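# Residue-level structure breakdown
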Amino acid sequence: MFDKQFIGRISKQYVFTERLTRSLNSHLCTNELTASGGPIGTVSDRLVFIMLSAQLLLLACIASALPARAASEDTSHLLIAPQSPDLEIGTNFTATCVIINTAEVTADDLYWNLSQTISKEQYTKINESALSVTIPIIDEKSEWLFCLCKKASPYFALNKGKFIHGIYLTKGYRPGKPENLSCQAVQENKYISTTISCKWDPVGRQTTHVPTSYTLTVAVISSTTYNVSTQKNNATVEFLTAFPNHMTLEIWVEAHNKLGRIQSEHLKKDAGWFVKTNPPSDVKVISEKSFPTSLLINWTHPIPKEYVKLTYQIRFCPHGSQSWTYVPLVDTAMDIQSFRLQNLQPATVYVTQVCCKNSGEGYGYWSNWSTNATMRTPEDQPGKPDVWRIIADGEGINERLVQFICKDPVFANGRITEFNIKIQDQKVPIPVKRSDSGAITVLQQIRLAGNASVKIYVAAVNSVGKSFEASLVIPEKSHEPAPVGGLKVWPQGGRLWLEWKPPNSTALSEYVVEWVSGDRTDWQRESRNTRRTAIKGNLEKFVCYTVSVYPIYSGRTGKPASTAAFLEQGAPLEAPAVRLNGKPGHNEAELVWKELPERSRRGFITNYTIFYSSGNETANITVPADTTSYTLKSLTRNTKYDTWIIASTVNGSTPSFNHSFITLKYAPGEMEGIVVGVSLGFLFIVVVTMLLCVYKKDAIKENFWPRIPDPGESTIGNWSPDYPLKAEAPKENGLCGVSVLDVDVCDGKCVFEDDKASLPLKKDKYLSEEHSSGIGGSSCMSSPRQSVSDSDEGGDMADTTASTVQYSSVVASNGYKGQTPNSQPQQAIFSRSESTQPLLDSEENPDTLLQEGSRQSQRFPRRPCSTHTAGSGDGTNPADITEQQGELEPLDFCPLEENCEQATPTDGQSAAPVSSYKPQLGGYRPQ
């Protein structure tokens with residue numbers, strides 16, 4: 001076993017040996033690589049020799065330390081080799097745990113832990129005192145690897161801290177080979193700078209614990225080597241003296257870290273190969289009036305030819321354009337300081353730039369472009385103007401209003417001042433000043449009949465001269481050449497594109513593409529071979545353009561093919577205002593609106609959506625874009641509706657304001673029908689009622705004015721054995737003292753009209769049926785019919801019953817009370833009657849008499865009979881008749897026959913009737 005001093009010496013010797021090996025390896029490798037003329041292969045041989053020497057030295061240290069063991073209690077009993085390794089990700093690592101300075105445990109008691117316990121399948125038992133483990137290095141996370149021990153013994157329990165040891169695993173990647181190494185030496189003042197800057201692309205990955213460093217090496221062959229280290233992917237080397245012009249340079253970069261090192265490809269070139277000079281200086285452009293289509297360029301060399309021979313490159317473009325035109329390199333490959341640009345447009349401002357580089361093929365870098373050199377080419381004779389026309393209907397039949405317009409020539413070659421226009425055979429042209437407000441000039445407007453044609457000629461004029469004439473023919477309306485076919489227009493990439501099929505004609509010379517928006521018109525010309533093109537003008541978004549294609553047949557304009565298009569569509573600015581057409585009905589309403597103006601559409605209207613809402617319920621209907629009215633149906637009557645409309649395009653929708661209305665409660669004519677129906681019904685009822693009154697007069701009379709039984713016709717049985725069964729009929733004069741009030745609406749007669757106010761009336765209830773009387777006889781009668789009237793005294797009302805009411809009356813044979821009896825002997829007669837009719841006052845009390853046919857009864861006191869009757873016309877007032885009463889004793893019964901005396905009232909006096917009997921308070925007298 002090893003003691004503490006032994007382990008300490010082993011550890012120190014191991015660390016020292018490892019550091020010594022790394023130091024020697026680095027030193028020897030560097031010296032060998034930097035030695036001039038030394039073979040690269042000797043480095044590996046010396047490195048192997050140093051490593052073998054280090055291992056032998058370590059073994060010698062261990063052997064020399066074996067006799068000198070120390071038994072210190074503070075020594076750890078476990079030791080892991082190697083210590084603090086740097087591991088390459090993607091490889092396997094083997095560590096060995098050695099038991100030292102104790103015999104308490106063996107290799108069987110050891111185990112490994114790396115974040116968690118490592119499986120025993122990865123262990124290798126070397127001997128009883130050593131246990132190794134092999135683990136894969138798969139991630140970049142650095143971590144601790146521990147060797148631990150487990151054993152149940154008192155010593156182990158007291159010294160657990162001595163039975164654990166760990167090492168920190170540092171992980172990383174081997175460096176990759178740098179790529180795309182490039183170096184550049186720029187010009188300073190008149191010479192090349194003494195510094196050279198290099199950059200490269202790093203390859204591979206690196207971690208924080210194992211970073212990669214770079215060393216840039218610049219070697220001047222047969223001279224000096226310069227080294228610069230950096231963590232970046234670029235570095236700069238400064239030469240001790242001037243830039244090594246015309247000398248060979250060898251440049252490379254080495255990537256290295258704890259896991260290894262690797263070099264890039266070596267650049268071995270002439271020093272001029274890395275040079276980048278300044279751009280040419282003093283660039284000037286000269287315009288020559290005799291050469292309106294060319295410009296002369298002059299410049300100065302940026303560096304003396306003794307250092308670098310240069311070649312040049314030139315580019316130019318019209319002012320404001322970003323499209324450069326490059327002069328071919330073959331034309332500027334010589335050592336020159338001037339160049340003439342040709343085939344330029346007259347009166348055009350051009351911008352020119354020049355750059356240079358080493359003239360050696362593949363050598364050097366192009367310099368930056370020089371500053372802009374600007375110059376205008378001289379003016380020249382203008383080209384033909386672009387003539388077009390606008391045709392509208394005139395006031396006359398088939399009359400056309402033709403307006404000729406033109407644009408400046410494509411090659412104006414200067415500033416156009418005016419246009420000369422001739423119409424057909426007109427010899428002297430008419431000058432028209434060019435419009436300063438825009439690119440289109442209105443030339444002239446003429447009226448042209450439908451069967452007439454016209455040809456015009458137009459020439460443009462500038463400061464140099466006049467252009468050739470451009471012509472345009474307006475053919476007869478009935479002889480316009482055929483149009484193109486299958487025109488399609490669509491937006492794409494911020495432009496409007498067109499496609500069409502050409503007409504079948506060999507006389508076709510070109511096409512004119514026209515686009516019109518409101519009162520603005522523009523056009524462009526296309527060659528006869530064109531089938532598809534884009535509008536080159538500046539178009540606005542959300543604006544509708546009418547795009548037309550005109551075929552041109554040797555100057556004659558053919559029929560157009562037209563369509564509408566938008567460069568870009570959006571939601572409408574507004575929706576049409578919806579309103580009612582007239583008044584709403586009870587279940588429908590007609591909505592109308594106006595077509596949106598073109599400026600508000602901002603696209604093609606695809607449809608309108610009508611919304612209408614009543615309370616919480618909302619419905620909608622979609623109608624086509626060409627619809628301007630719609631009738632809402634199946635509405636609820638007497639209901640308020642809110643309605644609005646939404647106008648839609650392919651890119652959005654916009655709603656209108658709400659419009660409210662209330663449906664009618666009744667349909668038109670419905671109320672009139674109800675009124676007419678009710679009126680007809682009422683009229684029908686009136687007619688039926690009148691007919692019933694006419695044809696059922698007797699029945700109505702019987703129902704409203706029932707017949708009251710005559711007491712005189714009542715059959716009363718005599719209770720006396722000597723009295724005959726049938727009572728004698730009362731004499732006519734027996735009713736002399738009774739006033740009869742006739743209220744028959746049919747007869748229209750009234751008895752005692754003047755006495756109505758003075759006579760007391762009494763209303764009773766009767767059942768108008770005939771009486772059948774006789775003691776023991778059967779009662780023959782109809783169903784009782786009740787007639788209701790008011791009663792003056794409640795106590796005098798008769799009881800009404802549906803069953804037969806038996807009642808009796810004692811009739812005296814002599815006169816009534818207060819009257820002088822006749823000479824005939826008086827007999828008491830007992831009569832009995834069976835009837836449903838309540839007892840009449842005349843039957844119970846002889847003072848009351850009833851007239852048949854009247855619904856009301858009047859009670860009168862017995863009075864002397866009068867020969868006068870109401871309505872006799874003799875002027876006698878029954879109210880003046882006074883009742884003469886005798887002083888005879890009152891009778892309990894009234895005889896059937898009475899002698900009536902005529903009492904003549906005293907003139908000027910009236911006698912009030914006085915009752916001849918005491919009033920009965922109620923009920924009938926018991927029989």
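This one's a predicted model, so the numbers in the text were calculated from it and none came from an experiment.

### Section: the overall build of the protein chain
The helix and strand tally for the protein chain stands at 7 helices and 57 strands. Within the protein chain, the fraction of its 927 residues that count as buried is 40%. Sequence separation of at least 24 residues holds for 66% of the intrachain contacts in the protein chain that already meet a minimum separation of 6. Summed over its atoms, the accessible surface of the protein chain is roughly 51,900 Å², and 52% of this surface lies on carbon and sulfur atoms.

### Observations regarding a nonpolar patch on the surface
A contiguous nonpolar patch, built from Val 676, Leu 680, Leu 683, Val 687, Leu 691, Val 694 and Tyr 695 and spanning about 720 Å² of accessible area, is present on the exposed surface. Along the polypeptide, Leu 680 turns up in helix H5 (residues 670-695). In this structure Leu 680 comes out as exposed when scored by relative accessible area, which is 54%.

### A word on the sheet that holds strand E28 (residues 400-407)
Pairing within the open sheet is antiparallel, and its 3 strands lie in the order E27-E28-E31. Each having just a single partner strand, strand E27 (386-393) and strand E31 (440-448) make up the two edges of the open sheet. Pairs of neighbouring strands in the sheet enclose a mean axial angle of 20°, with direction left out of account. Relative to E31, E28 runs antiparallel, the two sharing 8 bridges. Paired with Phe 404 across the two strands is Gln 444, which belongs to E31.

### Observations concerning the pairing of strand E37 (residues 520-527)
Successive residues of a regular strand alternate their side chains across the two faces of the sheet. Here 8 bridges tie strand E36 (residues 508-517) to E37, and the two strands are oriented antiparallel to one another. Within E37, the residue paired with Tyr 511 across the bridge is Glu 526. The turn linking E36 back onto E37 is made up of 2 residues, and Gly 518 within it adopts a positive phi angle of 65°.

### Some remarks on the state of the cysteines
Overall, the coordinates contain 2 disulfides when judged by the stated rule. Across the disulfide from Cys 97 sits Cys 147; the S-S distance is 2.1 Å. Here the S-S torsion is close to -85°, and the disulfide linking Cys 97 with Cys 147 is therefore left-handed. In this pair, Cys 97 is assigned in strand E3 (residues 92-99) and Cys 147 in strand E8 (residues 143-149), connecting sequence segments 50 residues apart.

### Brief notes about the pattern of salt bridges
Applying the stated criterion across every chain yields a total of 20 salt bridges. The shortest N-O distance in the salt bridge between Glu 510 and Arg 525 comes to 2.9 Å. Here Glu 510 is found in strand E36, whereas its partner Arg 525 is found in strand E37, with 15 residues between them in sequence. Taking relative accessible area as the criterion, Glu 510 reaches 24% and is therefore assigned partly exposed. In this structure, Arg 520 and Glu 540 form a salt bridge, with 3.2 Å as the shortest nitrogen-oxygen distance. Of this pair, Arg 520 sits in strand E37 while Glu 540 sits in the loop between strand E38 (532-534) and strand E39 (544-553), placing them 20 residues apart in sequence.

### Some details on the sheet that holds strand E23 (residues 325-326)
Pairing in this open sheet of 4 strands is antiparallel, and the strands run E23-E22-E25-E26 from one edge to the other. Of all the strands in the sheet, just E23 and strand E26 (373-376) have a single pairing partner and so form its edges. Note: strand E22 (residues 310-318) against E23, 2 bridges, orientation antiparallel. Of the residues in E23, the one forming a bridge with Arg 315 is Tyr 326.

### Focus: the side chain of Asn 257
Structurally, Asn 257 can be placed in strand E16 (residues 248-257). Given a relative accessible area of 13%, Asn 257 falls into the buried group. There is a polar contact of 2.9 Å between the side chain of Asn 257 and the backbone nitrogen of Leu 259. Ignoring sequence-local partners within four residues, the contact set of Asn 257 consists of Tyr 173, Arg 174, Pro 175, Val 210, Pro 211 and Thr 212.

### Section: the confidence of the model for the protein chain
In this model, the protein chain carries a mean pLDDT of 75, and residues with pLDDT of at least 70 account for 69%. Confidence drops under a pLDDT of 50 for residues 1-73, and excluding neighbours within four residues, the segment shows 61 contacts in the predicted structure. Ignoring residues within four places in sequence, the model shows residues 722-837, a span with pLDDT below 50, making 272 contacts including any to other chains.

### Re the side chain of Gln 313
With respect to the helices and strands, the residue Gln 313 is situated in strand E22. In contact with Gln 313, other than residues within four places in its own chain, are Tyr 326, Leu 329, Thr 332, Gln 353, Val 354, Cys 355, Trp 366 and Trp 369.

### Here's the deal with the packing of aromatic side chains
Inspection of the entire model under this criterion finds 19 aromatic pairs. Ring geometry for Trp 593 versus Tyr 608: centroids 5.8 Å apart, planes at 65°, classification edge-to-face. Separated by 15 residues along the polypeptide, Trp 593 in the loop between strand E43 (589-592) and helix H4 (598-601) and Tyr 608 in strand E44 (residues 607-614) bring together distant segments of the chain. Of the two residues, Trp 593 and Tyr 608, neither departs from the other in class, the shared state being buried.

Scoring rules and cut-offs
Residues numbered from 1 in each chain as written. Predicted model: local features only at pLDDT ≥ 70, side-chain atom pairs only at ≥ 80, totals over all residues. Heavy atoms only, no water. Helix = DSSP H or I, 4+ residues; strand = E, 2+ residues; numbered from the N terminus. Buried < 20%, exposed > 50% of the residue type's maximum accessible area, 1.4 Å probe, protein only. Contact = heavy atoms within 4.5 Å. Areas by Shrake-Rupley, 256 points an atom, 1.4 Å probe, with all protein chains shown as cover. Patch = residues over 30% accessible without salt bridge, like charges linked within 9 Å, V, L, I, M, F, W, Y side chains within 5 Å. Salt bridge = Lys/Arg side-chain N within 4 Å of Asp/Glu carboxyl O. Pairing = 2+ DSSP bridges. Axes fitted to C-alpha atoms, helices over the stretch in contact; angles between N-to-C directions. Disulfide = S-S within 2.5 Å. Polar contact = N/O pair within 3.5 Å; in protein donor to acceptor, adjacent residues only side chain to side chain. pLDDT = per-residue confidence, 0-100. Phe/Tyr/Trp six-rings, centres within 6.5 Å; stacked < 30°, edge-to-face > 60°.

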